[in-house]
Amino acid sequence: MKRKPIVALIYDFDGTLSPGNMQEFGFIQAIGQTPQEFWTKSDVIATGQDASGILAYMKNMVDEAAKNNIPLKRDKFKEFGKKIDLYEGVKNWFKLINDYGEAHGVIVEHYINSSGLKEIIEGSSIAKEFKHIFACSFIYNEEGNAVWPGVAVDYTAKTQFIFKINKGIFSSRDNKQVNESVAEDKKRIPFNHMIYFGDGETDVPCMKMVKMFGGNAIAVFNPSDEKKRAQARKLLRQQRVNFITPAHYTKDSRSYRLICTIIDKIKAEFDLKQYSRYE
């Protein structure tokens, strides 16, 4: 049977698939605060302790939930995830791309690489679309309550998951296999078969890395936010991304046409490479 290339679409979540931070679609309202109040408190913790901003917001979630007698169980996080707003077309996007890939001899896989919470993403309406979700998560006690950060994903930590996708490793804990030397032709998904979607500066290391190794990095932006549009243009000028596109995911969108064209290019290069093997 003729081998098919695997194409990995790797997404940040907040600001990329959703117009806001996932904590703002249920959790922050449950603790009786505004988004500004919550994030200001998180920033105060990080600044005052010279700590990771990611660990600071996770601690703030645990502290504020305890103050308001809100049990932070996995099911509760998933309830918050059900309330997440998504950009136009996101719910149907994955089938559109999967169908296009299948029609053109390509296997498409979708991944999340986020500094948000895995438990909340798992409650979203699109959770089932992803091969794997790499994101922050908590450690739970015997009663099932979140008590401590288990995985914290900042902008540099995100890059390790690109290498894990490259080698077909689906464990956040693993730090052995990911560092083992593997021949390029034995890696599950080559870097030039990766398409990375991000919206901001926390995605820059991943964008630069994917682009540098021959993949495609795309900066998406909220079309109603001129600041975000300007930020995306800046990333393009600085050659940190290959393309920019509005965060529209419908079949008539620029995003769809762009991804289809990249898939065509990956498939053509894959087929061409087969001619270098002559027996």
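Look above for the structure.
Participant: Would you take a moment to explain the layout of surface pockets for this structure?
Facilitator: The gaps of empty space that remain are located by a probe, the size of a water molecule, rolled over the atoms. Of the voids in this model, the largest pocket is the one considered here, and its volume is about 830 Å³. Around the largest pocket sit 32 residues that line it, and Asp 14, Asn 21, Asp 199, Thr 202 and Lys 228 are the ones nearest its centre. Listing elements by their share of the lining of the largest pocket, those giving two or more residues are α2 (35-49), α3 (53-67), β2 (107-117) and α9 (226-237). Counted by class, the lining of the largest pocket contains eight nonpolar, 14 polar and 10 charged residues. Space inside the second largest pocket adds up to approximately 440 Å³. Considering the residues around the second largest pocket, the lining is formed by 18 residues, among which Arg 3, Pro 190, His 193, Phe 270 and Lys 273 are closest to the centre. For the lining of the second largest pocket, the element with the highest residue contribution is helix α10 (residues 254-274), accounting for five residues. Partitioned by chemical class, the residues of the lining of the second largest pocket number five nonpolar, three polar and 10 charged.

Participant: How should unusual backbone geometry be read in this particular structure?
Facilitator: The phi torsion of most residues other than glycine is negative, and most of the peptide bonds are trans. We note that Asn 69 has phi near 55°; this positive angle belongs to a residue other than glycine. A relative accessible area of 69% places Asn 69 in the exposed class. The phi torsion at Gln 239 lies on the positive side, around 60°, for a residue other than glycine.

Participant: What is the right way to look at the pattern of salt bridges in this model?
Facilitator: Two side chains bearing opposite charge may form a pair once their charged atoms approach each other closely. Summed over all chains, the structure comprises 13 salt bridges. Here Lys 158 makes a salt bridge to Asp 203, at a shortest N to O gap of 2.8 Å. Placement of Lys 158 in helix α7 (residues 158-167) and of Asp 203 in the loop between β5 (194-198) and α8 (204-212) is noted, with a sequence separation of 45 residues between them. There is no split in this pair, since Lys 158 and Asp 203 are both buried. Across the pair Lys 265 and Glu 269 runs a salt bridge whose closest N-O atoms are separated by 2.9 Å. Here Lys 265 and its partner Glu 269 are both found in helix α10, four residues apart, which amounts to about one turn of the helix. Exposure remark for Lys 265: the relative accessible area of 46% places this residue in the partly exposed category. Several salt bridges converge on common partners, so that one network encompasses Asp 12, Lys 158 and Asp 203.

Participant: What am I meant to see in the state of the cysteines here?
Facilitator: Here a disulfide denotes a covalent bond joining the sulfur atom of one cysteine to the sulfur atom of another. Under the criterion given, the structure shown has zero disulfides. Looking at Cys 136, it has no disulfide partner, and the nearest cysteine sulfur is the one in Cys 206, 13 Å off. When its relative accessible area of 0% is taken as the criterion, Cys 136 is described as buried.

Participant: So what exactly am I meant to see when it comes to the sheet that holds β2 here?
Facilitator: Backbone-to-backbone hydrogen bonds pair the strands of a sheet. The strands run either parallel or antiparallel. The strand order across the open sheet built from seven strands is β4-β3-β2-β1-β5-β6-β7, with neighbouring strands paired in mixed fashion. One side of each edge strand has no neighbouring strand; the edge strands of this open sheet are β4 (146-151) and β7 (243-246). Looking at each pair of strands side by side, their axes are set apart by 25° on average, direction ignored. Pairing geometry for strand β1 (residues 6-11) and β2, over six bridges, is parallel. Opposite Val 7, over in β2, you have Val 108 as the bridge partner. Against the sheet, helix α5 (residues 90-103) engages β1, β2 and β5, with an angle of about 150° to β2.

Participant: Which parts of the structure should I look at to understand a nonpolar patch on the surface?
Facilitator: Together, Ile 139, Val 147 and Trp 148 give the surface a local cluster of nonpolar side chains, amounting to about 320 Å² of exposed area. Checked against the element boundaries, Ile 139 lands in strand β3 (residues 132-140). The exposure class of Ile 139 is partly exposed, given its relative accessible area of 43%.

Reading guide: rules and limits
- Residues numbered from 1 in each chain as written.
- Predicted model: local features only at pLDDT ≥ 70, side-chain atom pairs only at ≥ 80, totals over all residues.
- Heavy atoms only, no water.
- 1 Å grid on protein atoms, 1.4 Å probe; cavity = no way out; pocket = protein on both sides within 12 Å on 5 of 7 lines; lining within 4 Å.
- Points joined across faces, edges and corners; volume = space filled by probe spheres on them.
- Helix = DSSP H or I, 4+ residues; strand = E, 2+ residues; numbered from the N terminus.
- Nonpolar A, V, L, I, M, F, W, Y, C, P; charged D, E, K, R; others polar.
- Buried < 20%, exposed > 50% of the residue type's maximum accessible area, 1.4 Å probe, protein only.
- Salt bridge = Lys/Arg side-chain N within 4 Å of Asp/Glu carboxyl O.
- Disulfide = S-S within 2.5 Å.
- Pairing = 2+ DSSP bridges.
- Axes fitted to C-alpha atoms, helices over the stretch in contact; angles between N-to-C directions.
- Contact = heavy atoms within 4.5 Å.
- Patch = residues over 30% accessible without salt bridge, like charges linked within 9 Å, V, L, I, M, F, W, Y side chains within 5 Å.
- Areas by Shrake-Rupley, 256 points an atom, 1.4 Å probe, with all protein chains shown as cover.

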